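Report on the structure
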Amino acid sequence: MKNLMNRFNKWVPVHYNLRFAGFVISPILFTIIISYPIEGLVFEAKLVLGLAVWMAVWWGTEAIPFYVTASIPLFVFPLLNVADIDKVISAYGDKLVFLLMGGFLVAKTIEKVNLHKRFALNTLKVVGTKPKNIILGFIIVTGALSAWITNTATTLLILPIAIAVISQVDVAQKKRFAVCLILSVAYAASLGGMSTLIGTAPNALFASLSESLADVEVIFFDWMLVGVPLSVVSLFVLWIYMTTAARLDNSKPILKSKNIITEELRNLGNWSRNEKIVLIIFAATAIAWVTRGLFWKDLAPFVGDHVIVLVAVAALLILPSGQKRERLLDLRTASKIPWGVLILIGGGLALASGFTATGLDTWIADKLLFIGDLDFFLIVLIIVTITMLTSELMSNTAVAALLLPIMAVLGTTTELDPILFMAPVAFATSYGFMMPVGTPPNAIAIGSGYVSIKQMVRYGLPFDLICIPIVTVMMVLLLPLAWGS
C-alpha cells in the first residue's frame, strides 16, 4: 500500500502547471462575466454564473483542494446578497449529507474489523485461477463493495490484493493481464457505486436536489430499482470488454501458486466477535433501507434513510469492541472518513440554491428549450453524452452540482418530469474511464505503476463510447418505472 501511494505521489506533480493556470484564469473569467452585459440576467445572476465558472475551473484543474472550492458559496453568497446566511448554511447540513456521512462511518467500521477483506477473499476463492475468471471475481468484489464503501476506499482496499495476484502470474501474460486487472478494478469501483444512494456522492446530491427542486423524494429503494440493474449490466459489459480487449488466454490457469487467496484467508483467522456484530448492524441497516420503500414508509414517515443510518452509527459508537475502553467506532476511525466530500456535497447544494434564487437556472433552461422538441430518447442521449464527456475533465460530484439544477428547470419548462432530465446526469457521472482526473479510482490505477495514461485512454475511450448507448437505453426503460410517467 505504501509503495502504491509513493507511485501515485510521483504522478501528481505532472499536473502542477495545469493547476496554476486554473488558479489564475478563474478570477479573470469571473471578472469578465460580471462586467459583460448579458441580456435577461440581473447582476446577482451574473455573480452566480461567474462563481459557477470559477468553481468549475478550479474543480476541473484541481487548482486548490476541492472542498475549499466547495466552501466558496458559504462566504460569497451572503456577502454579495445572493442568499441569506441561514439558507446557505442549511445546504451544508442537508439530510442527504448526513446520509452520506453515516454511510461513510459504517463503511469505515467495516474496514476497521476487516469484514470487507474477508468478503473479497472468499469471493475470489470461488472463481478459480483462469485469467477471465480472476478478472470476473475482482469485478464482482469491487462492484459489490463500492455500493456501500466509497469508490476511492474500495480501490485502495482491493488494489493491493490485485497486485499480489499479479505477482503470481506467468511472465507470458503478465503485462496484458496486469493492465486488464488494474483497470477492471478502477472501472468496477465507479460502476458499483451507482447501485445505492450512498455509493457515490452524485447519487446523494441528486436525491437532495430532486426534493428541493422537483418536489420528489428519492428513497433508497427507488434508487436501487434503477441503480442495481444499470450497475449489474455495466459490470458485465466491463468484464466482456476488458477480457476481450486484453486478449486473455482462458484455456489454462494463469497463477504460479493456486494457494495465494487461501493463504490470505488463513491469515485472517476465524470470524471475530467484532466482525459478527458489525455484519449484523450493516445487514440490518441495508434491510431497513430497502424495506422502507416497500412496506413501512407511510407508517413512520419521520424515519428517513438518514435516520436509519444514524441509528446504526449510534449503535457502533455505543457497543464495545472487546478492547479496554474502546468502541466499535471510535474517534480515530471516524476522523478517516472523506469529510471533504461532505463539504463538496454542501457546496453543490448551495450553488444550486444560488441558481434557483437568482433565476439563472431558468435563463439557462430557456437557452436550451430546443431540446424539448426532440424525441425523449435523443434528449437522454444528449444529456448522457455531455455528462460523460464533462466527467472526464472534472470531479463527478462537481459535474452533478453544475448540471442538475439546469436539468431540473429544463424539465419543468419543457413540461416533462424534471426527474427524467436529472437522473441521467446523476448516473452518467459515474462513467469516466479515459482520463486520470475523471475519478479517483482512475488516478489510483495510474499511480499503481502498471497502467500508463496512454493505456487508460486506449481502453477507456472505447468503453466510454460503448456505455453511452447502454446508459441511454436503460435510462429510457427504467426511469419511468421508478419516478416518471
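Computed from a prediction, not measured in an experiment: that's the story for all the values here.

A separate point is the packing of aromatic side chains. Applying the stated criterion to the full structure yields 13 aromatic pairs. Residues tryptophan 54 and tryptophan 58 carry aromatic rings whose centres are separated by 5.4 Å and whose planes lie at 90 degrees to one another, so their mutual orientation is edge-to-face. Of the two residues, tryptophan 54 and tryptophan 58 are both situated in helix α3 (residues 43-61); the distance of four residues between them amounts to about one turn of the helix. Each member of the pair, tryptophan 54 as well as tryptophan 58, carries the same accessibility label: buried. Residues phenylalanine 433 and phenylalanine 463 carry aromatic rings whose centres are separated by 4.9 Å and whose planes lie at 45 degrees to one another, so their mutual orientation is tilted. Of this pair, phenylalanine 433 sits in the loop between α22 (419-428) and α23 (440-447) while phenylalanine 463 sits in helix α24 (residues 453-482), placing them 30 residues apart in sequence. Neither phenylalanine 433 nor phenylalanine 463 differs from the other in exposure class; each is buried. One aromatic cluster is present, formed by Tyr187, Tyr241, Tyr431, Phe433 and Phe463 through successive ring pairs. Over the ring of tryptophan 271 we find arginine 118; its NZ or CZ atom is 5.1 Å from the centre of that ring.

Attention now goes to helix α8 (residues 115-127). What sets the pattern is the α-helix's 3.6 residues per turn: residues three or four places apart point alike. Taking 1.5 Å per residue, 13 residues should reach 18 Å; α8 reaches 19 Å between its end C-alpha atoms and fits that length. Of the residues making up α8, those classed as buried are Leu115, His116, Arg118, Ala120, Leu121, Thr123, Leu124 and Val127. Directly after α8, the chain includes glycine 128, whose backbone phi takes a positive value near 95 degrees.

Summed over all chains, the structure comprises two cavities of 30 Å³ or more. Among the elements of the structure, α7 (95-112) and α16 (305-318) are those that each provide at least two residues to the lining of the largest cavity. Looking at the lining of the largest cavity residue by residue, the classes come out as five nonpolar, two polar and five charged. In this structure, the second largest cavity occupies an estimated 50 Å³ of space. Elements that contribute at least two residues to the lining of the second largest cavity include exactly α7 and α15 (273-296). Here the residues of the lining of the second largest cavity are counted per class, giving seven nonpolar, two polar and no charged.

Taken over all residues, the pLDDT of the protein chain has a mean of 81, while the share at 70 or more is 93%. For the protein chain, the element scoring lowest by mean pLDDT is helix α1 (residues 2-11), at 51; helix α13 (residues 220-245) scores highest, at 91.

Running from N to C, helix α5 (residues 72-79) and helix α6 (residues 85-92) point in directions that differ by 165 degrees, and their axes come no closer than 9 Å. The angle between α5 and α6 falls in the class roughly antiparallel. Pair α5 / α6 crosses with right-handed handedness. Listed contacts from α6 to Pro73, Leu74, Phe77 and Pro78 of α5 are Ile85, Val88, Ile89 and Tyr92.

What follows deals with unusual backbone geometry. With a phi angle near 70 degrees, asparagine 114 is a residue other than glycine that sits in the positive phi range. The residue asparagine 114 is located in the loop between α7 and α8 in this model. Given a relative accessible area of 32%, asparagine 114 falls into the partly exposed group.

Here we come to the nonpolar core. Within the largest apolar cluster, 169 residues are counted, with the highest numbers of intra-cluster contacts made by Phe138, Tyr187, Phe206 and Trp483. Excluding its chain neighbours within four sequence positions, the residues that come into contact with tryptophan 483 are Phe206, Val216, Val218, Asp222, Trp223, Val226, Asp417, Ile419, Ala423 and Phe427.

About the criteria used
Per chain, residue numbering runs from 1 following the sequence as it is written. The predicted origin of the model limits local features to residues at a pLDDT of at least 70 and limits the giving and counting of side-chain atom pairs to 80 or more, whereas totals for whole chains, interfaces and linings rest on all residues. Side-chain numbers here rest on the full set of heavy atoms in the structure, without hydrogens or water. Classification of ring pairs uses Phe, Tyr and Trp, with its six-membered ring standing for Trp, and accepts pairs whose centres are within 6.5 Å; under 30 degrees between planes counts as stacked, over 60 as edge-to-face, and the remaining range as tilted. Every helix listed is a DSSP run of H or I at least four residues long, and every strand listed is a run of E at least two residues long, numbered separately from the N terminus. In this scheme, a residue with accessible area under 20% of its type's maximum is buried, one over 50% is exposed, and one in between is partly exposed, where area comes from a 1.4 Å probe on protein chains only. Geometrically, a lysine NZ or arginine CZ counts as sitting over a ring once it is within 6 Å of the ring centre and also within 35 degrees of the ring normal. Helix span, expected: 1.5 Å multiplied by one less than the number of residues in the helix. Definitions used for this entry: grid spacing 1 Å over protein atoms alone; cavity, a set of points where a 1.4 Å probe fits but cannot get out; pocket, an open set with protein on both sides within 12 Å along at least 5 of 7 lines; lining residue, one with an atom within 4 Å of a point. Grid points are joined across faces, edges and corners, and a volume is the space filled by probe spheres set on the points. When residue character is reported, Ala, Val, Leu, Ile, Met, Phe, Trp, Tyr, Cys and Pro are called nonpolar, Asp, Glu, Lys and Arg charged, and the others, Gly included, polar. Confidence of the predictor at the level of single residues is given by pLDDT, which spans 0 to 100. The angle between two axes is taken between their N-to-C directions and runs from 0 to 180 degrees, where each axis is a line fitted to C-alpha atoms and a helix contributes only its stretch in contact. Between 65 and 115 degrees an angle is taken as roughly perpendicular, under 35 as roughly parallel, over 145 as roughly antiparallel, and anywhere else as oblique. Two helices cross in a left-handed way if the nearer one is turned anticlockwise from the farther one by less than a right angle. They cross in a right-handed way if the turn is clockwise. Residues are treated as being in contact if the distance between any of their heavy atoms lies within 4.5 Å. For our purposes a nonpolar core is just a set of buried Ala, Val, Leu, Ile, Met, Phe, Trp, Tyr and Cys residues, chained together by side-chain atoms within 4.5 Å.

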